[in-house]
Amino acid sequence: MRRRRTIPTKPMAILAAIALPLSTAAAGYAVAPGEPAPVRALHRLYTPPAGTGPFHQMTRLVRHGDRSAAAALLEMVRTPHAVWFGDDTPEEVEQLVRETTRRAVRRGHVPVLALYNTPGRDCGSYSAGGAQSTAEYRKWIDGVARGIGHRRAMIVLEPDSLALLPSDCGRGVSAGRGEDFADESEGGPDGAQNAEDASEGDAFDSRLFGAGAAGAGVLGGELARAEAQADAQAQKQMARQGAHQAAAPADIDPVKDLPEEEHSDTPDEVHAEPDAPADTPTERPTDIPAENAAEKPIGNAAPEPVSKPASALTNTPMDTLLGTARKAPALTPTEARARNAARYAELNYAVDKLEPLPGTKVYMDGGHTDWHPVSSIVSRLLHAGVDNATGFALNVSHYQTDEDNAWYGRLISSCLAYVADGGNPAECPDQRWPRLRAERWLEVNVLNEPEEMKHFVTDTSRNGRGPWLPRAGSHADPQSWCNPPGRGLGMRPTTKTGDPLQDAALWVKTPGESDGQCLRGTEGPHDPERGMVDPEAGEWFPEQALELVRNAQPSL
């Protein structure tokens, strides 16, 4: 029996007074500043029902006489944002997705669906969980596809799934740049690369992609053979470790959060619609490169809670239930290859299943500009099947600026186009290049029109003030991505970005929800930066919610 969030009736009566002065734009969609009113109605995005957390906070604010703060919070929760799905059974997610997309289409809006259920999610950290095997994940994706049917949807597929591969778990965790840039590729203004990369992980492998193939990313039989070999090796090793670890070579022992359910709305009139799932595509084999050591991201996407009741998790260890940050042990090379192969196979399957749906666009994980070099994330995207997706998503649950996201997105899209024409991603400029030199390289090497290139979306839900820069030495592990103080809401969601490569600015991360119980290198339980125990990942965080509305840029 699933829990359903319901908007309490008593707070609604209290909030009636503060709702009237709000701009009607907040009720169904938001747009880029300065966009003319006649255009706005053509690009509406869906606003899911809010949970009880924000309404309880608004009620308290009204009772204490802070009506302006309550009104700002109300406008925030009434602004379009993504609906998160994860940790559901295939049957549950099918029903939930169908309800969401039907509700959106009745209002003439387009929903953004954040799918967050890949096995080994978040390396077992604050947002740990996900499907328990590749087979289970595929059934879950099948349920999502059936739930969407012929209705429209924008899908942000598995945030952090590519920027944080299984082989990255248990390695360097310093926030920000540093190790990732040093280890993965050494590029500079002249595009020089290290002749001998210590790892195969993100290096372009012509044996796998085939320069003469129909396009980069069209994977061949060699990948299938390599995956089968790695899977067999990993299975043997796991069998020796014990029967309880021998389920599948790609499986990571998942843990579950304790979120609540998302749906709450007064039922609208139901219109009968055909729900025709796409035909199951032919599965494409995937590669299994080893990966370089990567850093802890400046952000963990905490899902819109849509999981099972606490009663279903009574046997889960308490540190798991509380979302305690734990470093997963580093994998052996064989395990890393097998689990990376499984991750790529899962993402390829999801793209092949969802992108062909008539109203669906799929955007894959692209990390953010202060994480991986362009060549690294491009290689990962190609391995995961971006050729068959609409594009990629940037900055999900992170804080990078709009300018940096737009430039990073252009570099990635351009590099993907360059590789599709036979180029090597190691030759592409990355975000560290001087802007003028990179522009010149693009002018010479990428002649594609924007409509021929992969597009991207960005998460602007919390980037109004940019990333948090903690004082040097202030914390053993600053965890800049985890509930950073003093951040603000960013650009309102819109599909009119003015950038031919950027399809939308979206609020993917639900603003006001916690990233987890941040410890910043201490034993805890208090967050030393805030002097309090932060809420668990996905729970409402009243103090942070107020920061976001008060520091919003542009202001509410």
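Remember, predicted model here, so these are calculated numbers, not experimental data.

Once that is clear, we can look at the state of the cysteines. Here the structure, examined in full by the defined rule, presents three disulfides. A sulfur-sulfur distance of 2.1 Å marks the disulfide that ties cysteine 415 to cysteine 428. As the torsion about the S-S bond is roughly 85°, the cysteine 415-cysteine 428 disulfide counts as right-handed. Taken together, the residues cysteine 415 in helix α14 (residues 402–420) and cysteine 428 in the loop between α14 and α15 (435–445) connect sequence positions 13 residues apart.

Remark: α14 packs on α15, axes separated minimally by 11 Å, with the N-to-C direction vectors making an angle of 30°. Regarding the angle of α14 to α15, the classification is roughly parallel. At the point where α14 passes α15, the crossing takes the left-handed sense. Packed against α14, whose contacting residues are Trp407, Arg410, Leu411, Ser414 and Tyr418, the element α15 presents Arg435, Ala438, Glu439, Trp441, Leu442 and Asn445 at the interface. Per-class residue counts for the contact of α14 with α15 are six nonpolar, two polar and three charged.

Let us look at the environment of histidine 383. Topologically, histidine 383 is positioned in helix α13 (residues 374–383). Assessed through its relative accessible area of 1%, histidine 383 is described here as buried. Through-space distance from the C-alpha of histidine 383 to that of leucine 347 is 9.2 Å; in sequence the pair is 36 residues apart.

Let's shift gears to the pattern of salt bridges. This structure, assessed with the given rule, holds 13 salt bridges. Linking glutamate 439 and arginine 410 is a salt bridge whose minimum nitrogen-to-oxygen distance equals 2.9 Å. Of this pair, glutamate 439 sits in helix α15 while arginine 410 sits in helix α14, and the two are 29 residues apart along the sequence. For glutamate 439, a relative accessible area of 18% corresponds to the buried category. One salt bridge connects aspartate 430 with arginine 432, and the closest N-O pair in it is separated by 2.9 Å. The structure contains a network of salt bridges with shared partners spanning Glu94, Arg98 and Arg146.

Within the structure shown, the criterion is met by five aromatic pairs. For the pair tryptophan 84 and tyrosine 116, a centre-to-centre distance of 5.4 Å together with 90° between the ring planes defines the contact as edge-to-face. Of this pair, tryptophan 84 sits in strand β1 (residues 83–85) while tyrosine 116 sits in the loop between β2 (112–115) and α7 (134–148); the two residues are 32 residues apart in sequence, bridging distant segments of the chain. For tyrosine 116, a relative accessible area of 0% puts it in the buried group. On the basis of an interplanar angle of 50° and a centroid distance of 5.6 Å, the ring pair of tyrosine 126 and tryptophan 481 is categorised as tilted. Here tyrosine 126, found in the loop between β2 and α7, pairs with tryptophan 481, found in the loop between β6 (455–459) and β7 (502–506); they are 355 residues apart in sequence, far enough to count as distant. You'll find tyrosine 126 and tryptophan 481 in the same group, each marked buried. Arginine 435 extends its terminal NZ or CZ atom over the ring of tryptophan 407, reaching a point 3.7 Å from the ring centre.

About the thresholds
Residues numbered from 1 in each chain as written. Predicted model: local features only at pLDDT ≥ 70, side-chain atom pairs only at ≥ 80, totals over all residues. Heavy atoms only, no water. Disulfide = S-S within 2.5 Å. Helix = DSSP H or I, 4+ residues; strand = E, 2+ residues; numbered from the N terminus. Axes fitted to C-alpha atoms, helices over the stretch in contact; angles between N-to-C directions. Parallel < 35°, antiparallel > 145°, perpendicular 65-115°, else oblique. Left-handed = near helix turned anticlockwise from the far one by under 90°. Contact = heavy atoms within 4.5 Å. Nonpolar A, V, L, I, M, F, W, Y, C, P; charged D, E, K, R; others polar. Buried < 20%, exposed > 50% of the residue type's maximum accessible area, 1.4 Å probe, protein only. Salt bridge = Lys/Arg side-chain N within 4 Å of Asp/Glu carboxyl O. Phe/Tyr/Trp six-rings, centres within 6.5 Å; stacked < 30°, edge-to-face > 60°. Lys NZ or Arg CZ within 6 Å of the ring centre and 35° of its normal.

Coordinates in, geometry out; function isn't part of it.
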